[in-house]
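# Structure at a glance
One letter stands for each residue in the lines below.
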Amino acid sequence: MINIANIDPKLISATKHEVATATRILAREKMIGPFGHPSSRIPGTDLVAILGDTHFSVKLLTEVTEDDIALIDLDGEPLDPEISGPGERFIHTQIYRARPDVFSVVHAHPMYCIAFSVVDRPLLPLWHLCTEVSQGVPVHMKSIQIDSPQLADELAALLGHRSFVLLHAHGSVAVGESMATACVRSVSLERSARLQSIAETLGSTKPIDSRELSETGVSQGLTQAEINAQWDYWKIEAY
Ligand SMILES: [Zn+2]
C-alpha cells in the first residue's frame, strides 16, 4: 500500500481540483451525471484522483469540489475509506497501466458518441477542432459495464496508442497528457459527433482533405494553445 503521508498534500489537492473542474465542465455539457467520471494521475506516483462514487449523492456534478474526488491505487483500491472510486474505475487504472504517456482519462456517456457506437459509420474529420478522429475511433463491442480489470484490459488494448475509443451502446473514453487535454478531447469528440449527425441529415459530407490534414499536421489534433484556451474559458463558466 502506498503511504499517502509521503506525497506532497499540495500536489494531491491541485490534482483533485483539476478533476473536480473537469467534472463540472463535463456535467455542464451533459456528458456525465450521475454516471461517468474523469481522472488524473497524481504526478510522480501510482495514485489516481477520480470522481468518487457519487451515484447516490444528491449533489449536482456541476458543483463538485476536491472533497468529492477519491484517491485510488492502480488496483482500484481507495486510500480514503470514506470515498471510493466508481464501479468503472478499472477503465482508468488499466489505461494508466497500459499507457505511461497518459496522465488523464475521461469516461463519459454522451448521446451523439453513443449513436456512432451503434451504427456502422465512422466518425469523420468534419470539424477543424476535432481532426484527430481521422486516426480512427475504434468501438469496443461489449455493452456491459466495464467493472473488472480483464474487461478494461480489452478496452485499453483496443484504444492502443489513440486518443479515443467508443463503448458500444454505452459511451466514450478520451485520454491525454493532462486533465485539460483529456477533457477538451472528450468534449470535442462529442461536439464533432453531433456536427456529423447534423451534417449527414443535410446532404453528403465533405471531410477535411487527407492531404490537408497530413500537410498541416492537424491530424495530430489540437495544439496545446488551443487546448488551454478552451479549458481556461470553460473553467470560468464552471466556477
Ligand atoms: Zn460507463
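The rules behind the values
- Residues numbered from 1 in each chain as written.
- Predicted model: local features only at pLDDT ≥ 70, side-chain atom pairs only at ≥ 80, totals over all residues.
- Helix = DSSP H or I, 4+ residues; strand = E, 2+ residues; numbered from the N terminus.
- Expected span 1.5 Å × (residues − 1).
- Buried ≥ 20, exposed ≤ 12 C-beta atoms within 10 Å, placed from the backbone.
- Arc of directions from axis to C-beta.
- Contact = placed C-beta atoms within 7 Å.
- Pairing = 2+ DSSP bridges.
- Axes fitted to C-alpha atoms, helices over the stretch in contact; angles between N-to-C directions.
- Parallel < 35°, antiparallel > 145°, perpendicular 65-115°, else oblique.
- Nonpolar A, V, L, I, M, F, W, Y, C, P; charged D, E, K, R; others polar.
- Core = buried A, V, L, I, M, F, W, Y, C linked by C-beta atoms within 7 Å.

## Overview of helix 7 (residues 224–238)
Under the 1.5 Å per step criterion, the end-to-end length of helix 7 is 21 Å for 15 residues, consistent within 8% with the ideal 21 Å. Taken as a whole, helix 7 has its buried residues at Ile227, Trp231 and Trp234. Down the axis of helix 7, the buried set is contained in an arc of 70°. They therefore lie on one face. Exposed and oriented more than 90 degrees from the buried face of helix 7 are Ala225, Asp232, Tyr233 and Ile236. Each element contacted by the buried residues of helix 7 is listed here: helix 1 (9–28) and helix 5 (179–202).

## Re the sheet that holds strand 7 (residues 171–176)
Here seven strands make up an open sheet; going across it, the order is 3-2-1-4-7-6-5 and the pairing mixed. The sheet is open, and its two edges are formed by strand 3 (69–73) and strand 5 (139–140), each paired on a single side. As paired elements, strand 2 (residues 47–51) and strand 3 share five bridges and run antiparallel to each other. Opposite Leu51, over in strand 3, you have Ile69 as the bridge partner. The strands that helix 1 touches are strand 1 (37–41), strand 2, strand 3 and strand 4 (104–108); relative to strand 1, the one it contacts most, it runs at about 155°. Lying over the sheet, helix 2 (residues 89–98) contacts strand 1, strand 2, strand 3, strand 4 and strand 7, oriented at roughly 150° with respect to strand 2.

## Some remarks on the packing of helix 5 against helix 7
A pair of packed helices can be characterised by two numbers: the angle between their axes and the separation between those axes. At a minimum axis distance of 9 Å, the contact between helix 5 and helix 7 shows a crossing angle of 85°. Taken together, the axes of helix 5 and helix 7 are roughly perpendicular relative to one another. Across the interface between the two elements, Ala180, Thr181, Cys183 and Val184 of helix 5 pack against Ile227, Asn228, Gln230 and Trp231 of helix 7. Of the residues that constitute the contact of helix 5 with helix 7, the class distribution is five nonpolar, three polar and no charged.

## A closer look at the nonpolar core
Membership of the largest hydrophobic core comes to 62 residues, with the highest contact counts inside it found for Leu26, Val106, Val173 and Cys183. A per-element tally of this core places helix 5 first, with eight residues. Once residues within four sequence positions are removed from consideration, Cys183 is found in contact with Ala22, Ile25, Leu26, Pro38, Val106 and Trp231.

## Things to note about unusual backbone geometry
Of note, the bond from Gly33 into Pro34 is cis; its omega dihedral lies within 30 degrees of zero at -5°. Secondary-structure assignment places Pro34 in the loop between helix 1 and strand 1. The phi torsion at Lys30 lies on the positive side, around 60°, for a residue other than glycine. For Lys30, the location among the structural elements is in the loop between helix 1 and strand 1. Within the chain, Ala169 stands out as a residue other than glycine whose phi angle is a positive 55°. Tracing the chain through its elements places Ala169 in the loop between strand 6 (164–167) and strand 7. Residue Ala169 is classed as partly exposed on the basis of its C-beta count, with 14 C-beta atoms lying within 10 Å.

## Considering helix 4 (residues 149–159)
An α-helix turns once every 3.6 residues. As a result, residues three or four positions apart point the same way. Taken as a whole, helix 4 has its buried residues at Ala152, Leu155, Ala156 and Leu159. With its buried residues spanning 100° around the axis, helix 4 presents them on a single face. Where the residues of helix 4 are buried, they touch helix 2, strand 5, strand 6 and strand 7. Just downstream of helix 4, Gly160 is the residue with a positive phi angle, here 60°.

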